[in-house]
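Chain by chain, the residues:
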Amino acid sequence: MVMPISCSAFRRTALILALVAGGMPAFAQESANQSATQIASNQTAGEVVLIPNRVIYPGETIELAALKQVTLIPGKHKPEAMATRAEELQGKIAKRTLLPGRYIPTAAIREAWLVEQGAAVQVLFVAGGLTITATAVTLQPGSAGDLIKVRNSDSGKILSGTVMADGTIQVSAS
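Positions within a chain are numbered from 1, following the residues in the order the chain's sequence is written. The predicted origin of the model limits local features to residues at a pLDDT of at least 70 and limits the giving and counting of side-chain atom pairs to 80 or more, whereas totals for whole chains, interfaces and linings rest on all residues. Based on all heavy atoms of the structure, the side-chain values leave hydrogens and waters out of the count.

Q: Please provide a residue-by-residue account of the pattern of salt bridges, values included.
A: A carboxyl oxygen of Asp or Glu within 4 Å of a side-chain nitrogen of Lys or Arg is what we treat as a salt bridge. The tally for this structure, following the rule as stated, stands at four salt bridges. In this structure, E60 engages R54 in a salt bridge whose closest nitrogen and oxygen atoms are separated by 2.6 Å. Buried residues are those whose accessible area, probed at 1.4 Å on protein chains only, stays under 20% of the maximum for their type, while exposed residues exceed 50% and partly exposed ones sit between those limits. Its relative accessible area of 37% is what places R54 among the partly exposed residues. The salt bridge partner of K92 is E111, with a shortest N-O separation of 3.1 Å. Here E111 lies in the loop between strand 7 (109-110) and strand 8 (120-127) and K92 lies in the loop between helix 3 (86-89) and strand 5 (93-94), a separation of 19 residues in the sequence. Residues joined by salt bridges that share partners form a network here, namely R85, E87 and E88. Going along the chain from the N terminus, every DSSP run of H or I of four or more residues is numbered as a helix, and every run of E of two or more is numbered as a strand.

Structure below.
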């Protein structure tokens, strides 16, 4: 004899399938009438989080207008390794597609590139009072503090150096 599936069992099964197939949804209630400036200043740890309000595509800069502030349901906590505050998200770049209503994993965002691949940059070698500069072409993009490879324009030699905040590359003796 076949028993009909109850409505609550059906909903529970559908929720489990959605969690397994689509990632982790944010269990929250929307905060009414929050502007972008209020989003940045009204965050209390553990209660109010930011989630996308539209699809954010890979390579797209995350802006506060693309985020929605929600208040977590009492008793619910955000999972670890999720970015949910304006300081963590504003101006970052999406590494993968971010879906509306879902938490944003910190592994899915990155800093904006300070130097792009193929850009001409100044390379500096500093040792005591000696400073040597050269022009090079970047072989990979990088943010401030990243170790990247560059090709010296004159010699063709490939060097590794650190991207500095001003967009120059600092190499050291190897």
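Q: Give me the sheet that holds strand 11 (residues 158-163): which residues, what numbers.
A: Strands qualify as paired when DSSP identifies two bridges or more between them. Ordered by their spatial adjacency, five strands build a closed barrel running 8-9-10-11-12, and the pairing between neighbours is mixed. Between one strand axis and the next, the sheet turns by 50° as a mean value, whatever way the strands run. Bridge count for strand 8 against strand 9 (residues 130-138) is eight bridges, and the pairing is antiparallel. Looking at strand 9, one finds that F125 is bridged to I132. Each axis is a line fitted through C-alpha atoms, and for a helix only the stretch in contact is used; angles between axes span 0 to 180 degrees, taken between their N-to-C directions.

Q: An account of the layout of surface pockets is needed here, citing residue identities and associated values.
A: Considered as a void within the structure, the largest pocket measures approximately 310 Å³ in volume. Using a 1 Å grid laid over the protein atoms alone, points where a 1.4 Å probe fits but cannot get out form a cavity; open sets with protein on both sides within 12 Å along at least 5 of 7 lines form a pocket; any residue with an atom within 4 Å of a point counts as lining. F125, K157, L159, V171 and S172 are the residues nearest the centre of the largest pocket, which is lined by 15 residues in total. Only strand 8, strand 9 and strand 11 provide two or more residues apiece to the lining of the largest pocket. Its residues placed into classes, the lining of the largest pocket shows eight nonpolar, six polar and one charged. Grid points are joined across faces, edges and corners, and a volume is the space filled by probe spheres set on the points. Under the scheme applied, nonpolar residues are Ala, Val, Leu, Ile, Met, Phe, Trp, Tyr, Cys and Pro; charged residues are Asp, Glu, Lys and Arg; polar residues are all the others, including Gly.

Just geometry here; none of it tells us what the structure is for.
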